[in-house]
Amino acid sequence: AQKVTQAQTEISVVEKEDVTLDCVYETRDTTYYLFWYKQPPSGELVFLIRRNSFDEQNEISGRYSWNFQKSTSSFNFTITASQVVDSAVYFCALSEAFGNQGGKLIFGQGTELSVKP
Amino acid sequence: DTEVTQTPKHLVMGMTNKKSLKCEQHMGHRAMYWYKQKAKKPPELMFVYSYEKLSINESVPSRFSPECPNSSLLNLHLHALQPEDSALYLCASRNQLAGGTDTQYFGPGTRLTVL
């Protein structure tokens, strides 16, 4: 069965601190996709990144970076020099690549990040 | 443009009311989704439409009735809801590439309160 674990329920940091959000996944599929979404208080889920299981290159986008390690089944997300606007709930999600599940997303429980000025 | 729109933003209804939620996308996506999200929880999949046909129903009670009139529009008809159905209802769409997957893009949601 597929599963995503975000062990950190809440994280609180002070502005300009770096913060890493952990994500560990389980799947028997050899081909799958991993996602991160941000959900600010307004409610909309904002897509941040998609990674397929064959691409273990780390990615950097501005202050955001992602570390994908198949050996440890982890897909961690780091925010460098955090800002108050980064305060949100962040979800890691897993999706199978093929099959009849309609691209179903398996979400972790989410990590609520609070960045204080 | 990766925009999915949802109306209304907020909805308050009584248990005997009938109301509808609307979702629209103009990205040419052929898969559309309804999710329900309770506070402090991840979204839970309710329905998936693929090429305007219902492909997945995650054992949702019949008081929720989805409809996909065309490839851009997805409705969720609500009837005789219970207070525990109060939640954020999110719509999403996906390109549904053959032989693979693509990203689901979400709308801003409708916050539903059932009195």
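Residues numbered from 1 in each chain as written. Chains lettered and ligands numbered in written order. Predicted model: local features only at pLDDT ≥ 70, side-chain atom pairs only at ≥ 80, totals over all residues. Heavy atoms only, no water.

Chemist: Any chance you could explain the state of the cysteines here in plain terms?
Modeler: One covalent bond between the sulfur atoms of two cysteine residues makes up a disulfide. Within this structure, the stated rule accounts for two disulfides over all chains. Two residues share a disulfide in this structure: Cys23(A) and Cys92(A), whose sulfurs sit 2.0 Å from each other. Of note, the bridge from Cys23(A) to Cys92(A) carries an S-S torsion of about -65° and is left-handed in sense. Of this pair, Cys23(A) sits in the loop between strand E3 (19-21) and strand E4 (24-26) while Cys92(A) sits in strand E10 (residues 88-96); the two residues are 69 residues apart in sequence, bridging distant segments of the chain. Accessibility assignment for this pair places Cys23(A) and Cys92(A) in one class, buried. Disulfide partner of Cys23(B): Cys91(B), at an S-S distance of 1.9 Å. (Disulfide = S-S within 2.5 Å. Helix = DSSP H or I, 4+ residues; strand = E, 2+ residues; numbered from the N terminus. Buried < 20%, exposed > 50% of the residue type's maximum accessible area, 1.4 Å probe, protein only.)

Chemist: Looking at this structure, how should I read the interface of chain B and chain A?
Modeler: A common way to report how large an interface is uses the accessible area buried once the components associate. Counting residues at the interface gives 25 residues for chain B, matched by 26 residues for chain A. Interface of chain B and chain A: buried area, both sides summed, is about 1,900 Å²; carbon and sulfur atoms make up 52% of it. If you look at where chain B meets chain A, you find two salt bridges. Close ionic contact of Lys104(A) with Glu58(B) constitutes a salt bridge, the shortest N to O distance being 2.8 Å. Our count for the contact surface shared by chain B and chain A stands at six residue pairs in polar contact (both at pLDDT 80 or more). (Contact = heavy atoms within 4.5 Å. Buried area = accessible area lost by both parts, 1.4 Å probe. Salt bridge = Lys/Arg side-chain N within 4 Å of Asp/Glu carboxyl O. Polar contact = N/O pair within 3.5 Å; in protein donor to acceptor, adjacent residues only side chain to side chain.)

Chemist: Before we go on, may I ask you to explain the pairing of strand E6 (residues 46-52) of chain A in this structure?
Modeler: Looking along a regular strand, one sees the side chains alternate between the two faces of the sheet. All names here are of chain A. Bridge count between strand E5 (residues 32-39) and E6: six bridges; the pairing is antiparallel. From the neighbouring strand, Phe35 faces E6, where its bridge partner is Arg50. The loop that links E5 with its antiparallel partner E6 comprises six residues; one of these, Gly43, has a positive phi angle of about 110°. (Pairing = 2+ DSSP bridges.)

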